[in-house]
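Structure at a glance
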Amino acid sequence: MKKVLVIANDAGCGEILAAYVAAHRAKNDFRVYGAGPAAKIFRRERDTFRPAPRTRAHMERLMRKNDDVSLVLVGTGWMTSIECDALAAAKKEGLFTAVYLESWTGYRERFGYPKPGWRKNLPDEIWLGDRAAFALAKKQFPGTTKLRLVPNEYFKAVVWRYRLARTKIKPDSILFLSNIDDTTEHVFKELLERFSHRKGSPKVRVRFHPADDRSRFNPLIKKYKRNVRVERSKEKDIVRDLVRAKSVIGTETTAMMFGALLGIRTVSVLPAGKRSSLPFASIKRRKDAAGAVALLRL
């Protein structure tokens, strides 16, 4: 049985790696370490995991204790150095490493680009979950490291759970996917303003990004509460929000790809000058909330 050390902090990779562990548990001995949002995901999925070391010294100690593993599999994150430290410590110990890239943007920057010597931070393999990501990685890492197309088990799990749940729940709302970018609040305000002038305004359910402040929209929700009903989702599993969604709207967040995968009408609102990184032609793009509302199923 192959021994695999898994370390994640970021929410996106946490979801993917948790799903990968679940799908391949029968043939692998997984030793899982989680921190931050990823730890919450591992806990939700009932994975047995330990807290990930918080310092480089402790991470190096962990690698020495696990020098019998065949693979060290990590994600990439921007909030902490945990995953970067894990990769560096594993490379120092001479362990075989792989990094799963969970989205379609900022590939080289995750390894220190454009700083001199950034290529030294690359793992032995980079895993991509779909052909669009693989094609992008080929351009970003020409001949520097091995690329592998590894099916995204998280995508598969979401599709399966959605198809199972939608037979029991009727869509009743517009799902707004909040993000931490600087345009989300403006788009949400425009959206509520548009809905407030409609007869029979639709219910809006807000799903917050794991790193988002759940109170950030409170003033807007209070301002428009007489005309627009807004719910703050508390669901840990995005599927429970997706099955209730007639349409999905937001700025630019990886979670929007689920709308595209599941055939839900999905609209991305990006101001002029901002380019979408999501490789899904079925996601409609508009420059303002007015154009987006015209596309929603109300």
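Okay, so let's go over this structure.

Cut-offs used in this document
Residues numbered from 1 in each chain as written. Predicted model: local features only at pLDDT ≥ 70, side-chain atom pairs only at ≥ 80, totals over all residues. Heavy atoms only, no water. Helix = DSSP H or I, 4+ residues; strand = E, 2+ residues; numbered from the N terminus. Rg over C-alpha atoms; globule rule 2.2 N^0.38 Å. Buried < 20%, exposed > 50% of the residue type's maximum accessible area, 1.4 Å probe, protein only. 1 Å grid on protein atoms, 1.4 Å probe; cavity = no way out; pocket = protein on both sides within 12 Å on 5 of 7 lines; lining within 4 Å. Points joined across faces, edges and corners; volume = space filled by probe spheres on them. Phe/Tyr/Trp six-rings, centres within 6.5 Å; stacked < 30°, edge-to-face > 60°. Lys NZ or Arg CZ within 6 Å of the ring centre and 35° of its normal. Core = buried A, V, L, I, M, F, W, Y, C linked by side-chain atoms within 4.5 Å. Contact = heavy atoms within 4.5 Å. Pairing = 2+ DSSP bridges. Axes fitted to C-alpha atoms, helices over the stretch in contact; angles between N-to-C directions. Salt bridge = Lys/Arg side-chain N within 4 Å of Asp/Glu carboxyl O. Patch = residues over 30% accessible without salt bridge, like charges linked within 9 Å, V, L, I, M, F, W, Y side chains within 5 Å. Areas by Shrake-Rupley, 256 points an atom, 1.4 Å probe, with all protein chains shown as cover. Lys, Arg positive; Asp, Glu negative; His and termini not counted. Charge placed at Lys NZ, Arg CZ, Asp CG, Glu CD. Right-handed = clockwise from strand over helix to strand, strands pointing away.

1. Structural notes on the overall build of the protein chain
Check the secondary structure of the protein chain and you find eleven helices and 13 strands. Here the protein chain has a C-alpha radius of gyration of 20 Å; the compact-globule value for 298 residues is 19 Å, and the two agree. Reported as C-alpha extents along the three principal axes, the dimensions of the protein chain are approximately 65 × 40 × 35 Å. By residue count, 51% of the 298 residues in the protein chain fall in the buried class.

2. Here's the deal with the layout of surface pockets
Here the second largest pocket is characterised by a volume of approximately 230 Å³. Around the second largest pocket sit 18 residues that line it, and Cys 84, Leu 87, Arg 110, Phe 111 and Asn 121 are the ones nearest its centre. For the lining of the second largest pocket, the leading source of residues is helix H4 (residues 82–92), giving six residues.

3. Re the packing of aromatic side chains
Applying the stated rule across the entire model yields 14 aromatic pairs. Taking the centre distance of 4.9 Å and the plane angle of 50° together, the rings of Phe 176 and Phe 188 count as tilted. Residue Phe 176 is located in strand S8 (residues 173–177), and its partner Phe 188 is located in helix H7 (residues 184–196); the two are separated by twelve residues in the primary sequence. Accessibility expressed as a relative area gives 0% for Phe 176, which makes it buried. Taking relative accessible area as the criterion, Phe 188 reaches 0% and is therefore assigned buried. Here Phe 176 and Phe 217 contribute two aromatic rings whose centre-to-centre distance is 6.2 Å and whose plane-to-plane angle is 75°, an arrangement assigned as edge-to-face. Placement of Phe 176 in strand S8 and of Phe 217 in the loop between strand S9 (203–207) and helix H8 (218–223) is noted, with a sequence separation of 41 residues between them. In this structure, Phe 176 and Phe 217 share a single accessibility class: buried. Between the NZ or CZ atom of Arg 108 and the centre of the ring of Tyr 113, over which it lies, the distance is 4.1 Å.

4. Overview of the nonpolar core
With 73 residues, the main nonpolar core has Ile 7, Met 63, Leu 73, Phe 111, Phe 141 and Leu 242 as its most contacted residues. Tallying contributions element by element places helix H1 (residues 11–24) first for this core, with seven residues. The residues touching Leu 242, leaving out its near neighbours within four places in the chain, are Val 158, Tyr 162, Leu 175, Val 248, Phe 258, Leu 262 and Ile 264. By size, the runner-up hydrophobic cluster in this structure holds 23 residues, among which are Ile 174, Leu 220, Tyr 224 and Ala 292.

5. Observations regarding the side chain of Thr 97
With respect to the element layout, Thr 97 can be found in strand S5 (residues 97–101). In contact with Thr 97, other than residues within four places in its own chain, are Leu 71, Val 72, Leu 87, Ala 90, Lys 91, Pro 123, Asp 124 and Glu 125.

6. Observations regarding the sheet that holds S5
The sheet built from seven strands is open, its strands ordered S3-S2-S1-S4-S5-S6-S7 with parallel pairing. A single partner strand is all that each edge strand has here, and the edge strands are strand S3 (49–51) and strand S7 (146–149). Within this sheet the neighbouring strands show an average axis-to-axis angle of 25°, counted without direction. Two elements, strand S2 (residues 28–34) and S3, share three bridges in a ladder whose sense is parallel. By the bridge assignment for S3, Val 32 is matched with Phe 49.

7. Digging into the pattern of salt bridges
Applying the stated criterion across every chain yields a total of 23 salt bridges. A salt bridge links Glu 235 to Arg 240, with the shortest nitrogen-to-oxygen separation between them at 3.1 Å. What you see here is one network of salt bridges that share partners, running through Asp 172, Lys 203, Arg 205, Arg 207, Arg 229, Glu 231 and Asp 241.

8. Focus on the sheet that holds strand S10 (residues 230–232)
Strand order in the open sheet formed by six strands is S10-S9-S8-S11-S12-S13, with parallel pairing between adjacent strands. Strand pairing shows two members of the sheet lacking a second neighbour, S10 and strand S13 (284–286), which therefore form its edges. Strand-to-strand twist across the sheet, computed as the mean angle between neighbouring axes with direction ignored, equals 25°. Sheet analysis places strand S11 (residues 245–250) next to strand S12 (residues 265–269), joined by four bridges and oriented parallel. If you follow Ser 247 over to S12, its bridge partner there is Arg 265. Helix-sheet contacts for H7 involve S8, S9, S10, S11 and S12, and the interaxial angle to S8 is about 160°.

9. Some words on a positive patch on the surface
On the surface, a cluster of positive charge is made up of Arg 50, Arg 61, Arg 64 and Lys 65. The element best represented in the positive patch is helix H3 (residues 56–65), accounting for three residues. With respect to the helices, strands and loops of the structure, Lys 65 is situated in helix H3. Looking at Lys 65, the relative accessible area reads 64%, which means it is exposed.

10. Side note on the pairing of S11
With respect to burial, S11 is a largely interior element, five of its six residues being buried. When S8 meets S11, the two strands line up parallel, connected through five bridges. Its bridge partner being in S11, Leu 175 is matched across the sheet by Val 248. Traced from S11 through helix H10 (residues 256–262) to S12, the parallel crossover comes out right-handed.

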